[in-house]
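# Geometric and topological summary
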Amino acid sequence: MNIINRHILIETVERLCIEANYQIEQDVLDALNESQNKELSPIGQDVLSQIIQNDIIAINDSKPMCQDTGIVVVFLEIGNLISLNFDIYDAVNEGVRNAYQNGYLRKSVVKHPFNRENTKDNTPAIIHIKLTMGDNLKITVAPKGAGSENMSLVKMLTPAEGYEGVKKLVLNTIFNAKGKPCPPIILGLGIGGNLEKAALLAKEALMRPIKDKSEDEIARKLEDELLDEINRLGIGPMGYGGTQTALAVKVNVFPCHIASLPVAINIQCHASRHKTIIL
Amino acid sequence: MKITTPLTEETINKLNYGEKVLITGTIYTARDAAHKRLVNLIVNNESLPFDIKNQIIYYVGPTPAKPNEVIGSAGPTTSYRMDVYTPLLLENGLKGMIGKGERTDQVIEAIKKYKAVYFGAVGGAAALIAKSIKKCELIAYPDLGAEAIYKLVVEDFPVVVINDCYGNDLITENIKKYANGGKNNE
Ligand code: SF4
């Protein structure tokens, strides 16, 4: 039995929110450096060099890499041998509240989609819980900005549209988004399941390390082909034209209904922020 | 190219799409909610909280400043959400905008008609851009928090010209140029 202390959980969530916003992951920084070497457009190279400089300043000066410090997405994987004698949703939100106050992060959440009054503490977080076996509590904190989230979508295709239909939808979506999601982007695709499962698969795909490949053969082929084709659209860094539009494409698949082909496209900007810890 | 604010006709005429520019001088912040208020004031013939003639508006909602900082992280927000308000501001003398992403045809038209310029900054380069901001003063709408209007004094603020006063659009031109992996170039 692993008994989780409420204060430790709150402090952990607070720390992960702040670290995610201040410190870009090394794999993303490496990918940005690589793309700077590959970029053909001089403006594109310049944009990438500003992004890389920015991410290093953010680490050195302990400040947010982007002013949109996002709405916080939290994934919790809770083992069956974990004991929690408190309200976990409440505790996570307390961690978020502390982080956005103490870490000088921007509060970007409104109470109601129509009234749009700011909650002033960036809560509530969007919390996804999965039950697992064992005595681990795995926490992933992923603040997500609106620029790239606003260009994302879920679409129910017909099975007849198939593989090529998915590619067409993705390429159209990315082309129409152009510079709005702050390219170079990372693309998370969730294919299969149903409406909400596809969306969650796409978000989970964005949590994968930048270099890993899907274990599913068809998904892996789709990842490679789409990365190549997206980078031929000409959008480039910040949409100012160029060859480096996406750093990676991540495809997660799941079984689905005989009559459905759900596709979720979740776009992640270059400020890809997520931190994971196991308690 | 280095330029200073307020923008003169001579400066604007020299700015061609694709030009890298460093801006020094005073600029004003405003995003969705502040734009809505500014446009309402103009429609009702009331005076604005600052004179927009020949000025630049920067679309930004910064993070809170730490105790020893002028401003927090302060990168551009996506410009298309301001598109519905922009032509009226240009008609009333605004000359420059800094944001990210492309504008609608109506805005590009208005930029040409009223001889203005739209600059792109690098989205997400918020910590880097903050280094070029030397002063920050709240001038209107404190109730809007990060969306309030601030007067900023900037030094060598890095941008690129996206839409110039001749009706050109960097985004359309350059995406064509680099489509198919830049092979259309060769
Ligand atoms: S899309 Fe990402 S990098 Fe761009 S402004 Fe939003 S959070 Fe920042």
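Further up the page is the structure itself.
Residues numbered from 1 in each chain as written. Chains lettered and ligands numbered in written order. Predicted model: local features only at pLDDT ≥ 70, side-chain atom pairs only at ≥ 80, totals over all residues. Heavy atoms only, no water.

Evaluated as defined, the whole model comprises 30 salt bridges over all chains. Close ionic contact of Glu149 of chain A with Lys203 of chain A constitutes a salt bridge, the shortest N to O distance being 2.9 Å. Taken together, the residues Glu149 of chain A in helix H5 (residues 146–149) and Lys203 of chain A in helix H7 (residues 195–205) connect sequence positions 54 residues apart. A relative accessible area of 31% means that Glu149 of chain A is categorised as partly exposed. Two residues, Lys176 of chain B and Glu173 of chain B, come together in a salt bridge whose shortest N-O distance is 3.9 Å. On the criterion of helical spacing, the pair formed by Lys176 of chain B and Glu173 of chain B is a turn pair, its members being three residues apart in helix H6 (residues 170–178). Connected through salt bridges with shared partners, the residues Lys167, Lys221, Glu225 and Glu229 of chain A form a single ionic network. (Salt bridge = Lys/Arg side-chain N within 4 Å of Asp/Glu carboxyl O. Helix = DSSP H or I, 4+ residues; strand = E, 2+ residues; numbered from the N terminus. Buried < 20%, exposed > 50% of the residue type's maximum accessible area, 1.4 Å probe, protein only.)

All right, on to unusual backbone geometry then. Cis geometry marks the peptide bond from Thr123 of chain A to Pro124 of chain A; its omega dihedral reads 0 degrees. Within the secondary structure layout, Pro124 of chain A lies in the loop between helix H4 (88–102) and strand E4 (126–132). Here the residue pair Thr5 of chain B and Pro6 of chain B is connected by a cis peptide bond, since its omega of -10 degrees sits within 30 degrees of zero. Of note, Pro6 of chain B is situated in the loop between strand E1 (2–4) and helix H1 (9–14). At Ser62 of chain A, a position not held by glycine, the phi torsion is positive, near 45 degrees. Residue position: Ser62 of chain A is located in the loop between helix H3 (42–61) and strand E2 (71–79). On the basis of relative accessibility, which here comes to 34%, the residue Ser62 of chain A falls in the partly exposed class. Phi is positive for Asn45 of chain B, close to 60 degrees, though the residue is something other than glycine.

All names here are of chain A. Contact geometry of helix H2 (residues 26–38) with H3 gives a least axis separation of 9 Å together with a crossing angle of 155 degrees. The angle between H2 and H3 falls in the class roughly antiparallel. Judged by the twist between their axes, the crossing of H2 over H3 is left-handed. Here H2 contributes Leu29, Leu32, Asn33, Ser35 and Gln36 to the contact with H3, which in turn contributes Gln45, Leu48, Ser49, Ile51, Ile52 and Asp55. Considered class by class, the residues forming the contact of H2 with H3 number five nonpolar, five polar and one charged. (Axes fitted to C-alpha atoms, helices over the stretch in contact; angles between N-to-C directions. Parallel < 35°, antiparallel > 145°, perpendicular 65-115°, else oblique. Left-handed = near helix turned anticlockwise from the far one by under 90°. Contact = heavy atoms within 4.5 Å. Nonpolar A, V, L, I, M, F, W, Y, C, P; charged D, E, K, R; others polar.)

Among the 14 residues in the neighbourhood of the ligand, the closest are listed as Cys66, Cys182, Cys269 and Arg273 of chain A together with Gly124 of chain B. Residues within reach of the ligand are spread across chains A and B. Taken together, the residues of the shell around the ligand sort by class into five nonpolar, six polar and three charged. (Near = heavy atom within 4 Å.)

Let us now look at the interface of chain A and chain B. Across the boundary between the two partners, chain A contributes 47 residues, which contact 47 residues of chain B. In this structure, the salt-bridge partner of Asp46 of chain A is Lys20 of chain B, at a minimum N-O distance of 3.3 Å. Contributions of two or more residues to the side of chain A that touches chain B are made by H3 and helix H6 (162–177) of chain A. The element that contributes the greatest number of residues to the side of chain A that touches chain B is H3 of chain A, accounting for eleven residues. For the side of chain A that touches chain B, a count of residues per class yields 21 nonpolar, 18 polar and eight charged.

This part is about empty space enclosed by the protein. Residue and element names in this part refer to chain A. Following the criterion strictly, the structure yields two cavities of 30 Å³ or more and no others. In this structure, the largest cavity occupies an estimated 50 Å³ of space. Lining the largest cavity, in full, are Asp27, Val28, Ile186, Leu206, Arg208, Pro209, Ile210, Lys250, Ser272 and His274. The space that makes up the second largest cavity amounts to roughly 30 Å³. Broken down by element, the lining of the second largest cavity gets its largest block of residues, three residues, from strand E5 (residues 137–144). (1 Å grid on protein atoms, 1.4 Å probe; cavity = no way out; pocket = protein on both sides within 12 Å on 5 of 7 lines; lining within 4 Å. Points joined across faces, edges and corners; volume = space filled by probe spheres on them.)

Before going further, it helps to spend a moment on the sheet that holds E4 of chain A. Residue and element names in this part refer to chain A. In space, the four strands of this open sheet follow the order E4-E2-E5-E10, with mixed pairing throughout. This sheet does not close on itself; its edge strands, each paired only once, are E4 and strand E10 (275–278). Geometrically, the sheet is characterised by an average inter-axis angle of 15 degrees between neighbouring strands, direction not taken into account. As paired strands, E5 and E10 are joined by four bridges and run antiparallel to one another. Paired with Lys138 across the strands is Ile278, a residue of E10. Together, E2, E5 and E10 form the strand contacts of helix H1 (residues 6–22), whose direction differs from that of E5 by roughly 40 degrees. Its contacts with the sheet put H7 on E2, E4 and E5, and the angle it makes with E2 is roughly 95 degrees. (Pairing = 2+ DSSP bridges.)

Grouped together as the largest cluster of nonpolar side chains are 111 residues, with contacts concentrated most on Ile230 of chain A together with Ile23, Ile98, Phe119 and Phe157 of chain B. Per-element tally for this core: the top contributor is strand E7 (residues 149–163) of chain B, with nine residues. Formed by 26 residues, the second largest nonpolar core is a distinct cluster that contains Ile18, Val74, Ile78 and Ala125 of chain A. (Core = buried A, V, L, I, M, F, W, Y, C linked by side-chain atoms within 4.5 Å.)

All names here are of chain A. Taken in spatial order, the four strands of this open sheet run E6-E9-E7-E8, and their pairing is mixed. Two strands in the sheet have a free side with no partner beyond their single neighbour: strand E6 (153–157) and strand E8 (246–256). Ignoring which end each strand starts from, the neighbouring axes of this sheet average 15 degrees apart. Strand direction decides the pairing type here: E6 and strand E9 (residues 261–268), joined by five bridges, are antiparallel.

With that out of the way, let us pick up a nonpolar patch on the surface. There is a patch of nonpolar side chains on the surface, built from Met1, Ile3 and Leu81 of chain A and spanning about 360 Å² of accessible area. Of note, Met1 of chain A is situated in the segment before strand E1 (2–3). (Patch = residues over 30% accessible without salt bridge, like charges linked within 9 Å, V, L, I, M, F, W, Y side chains within 5 Å. Areas by Shrake-Rupley, 256 points an atom, 1.4 Å probe, with all protein chains shown as cover.)

Let us now look at the packing of aromatic side chains. Tallied over the full model, the rule gives two aromatic pairs over all chains. Centre to centre, the rings of Tyr28 of chain B and Phe50 of chain B are 4.0 Å apart; their planes meet at 10 degrees, and the pair counts as stacked. One end of the pair, Tyr28 of chain B, is in strand E2 (residues 20–29); the other, Phe50 of chain B, is in the loop between helix H2 (32–43) and strand E3 (56–58), with 22 residues separating them in the sequence. By relative accessible area, which is 6% here, Phe50 of chain B ends up buried. Arranged with centres 5.0 Å apart and planes meeting at 85 degrees, the rings of Tyr58 of chain B and Phe157 of chain B form a pair that is edge-to-face. Here Tyr58 of chain B, found in strand E3, pairs with Phe157 of chain B, found in strand E7; they are 99 residues apart in sequence, far enough to count as distant. Just as Tyr58 of chain B is buried, Phe157 of chain B falls in that class too. Note that Lys197 of chain A overlies the ring of Phe254 of chain A, its terminal NZ or CZ placed 4.3 Å from the centroid. In this arrangement the basic side chain of Arg37 of chain B is found over the ring face of Tyr141 of chain B, its NZ or CZ atom lying 4.8 Å from the centre. (Phe/Tyr/Trp six-rings, centres within 6.5 Å; stacked < 30°, edge-to-face > 60°. Lys NZ or Arg CZ within 6 Å of the ring centre and 35° of its normal.)

Don't take any of this as a statement about function, it's just geometry.
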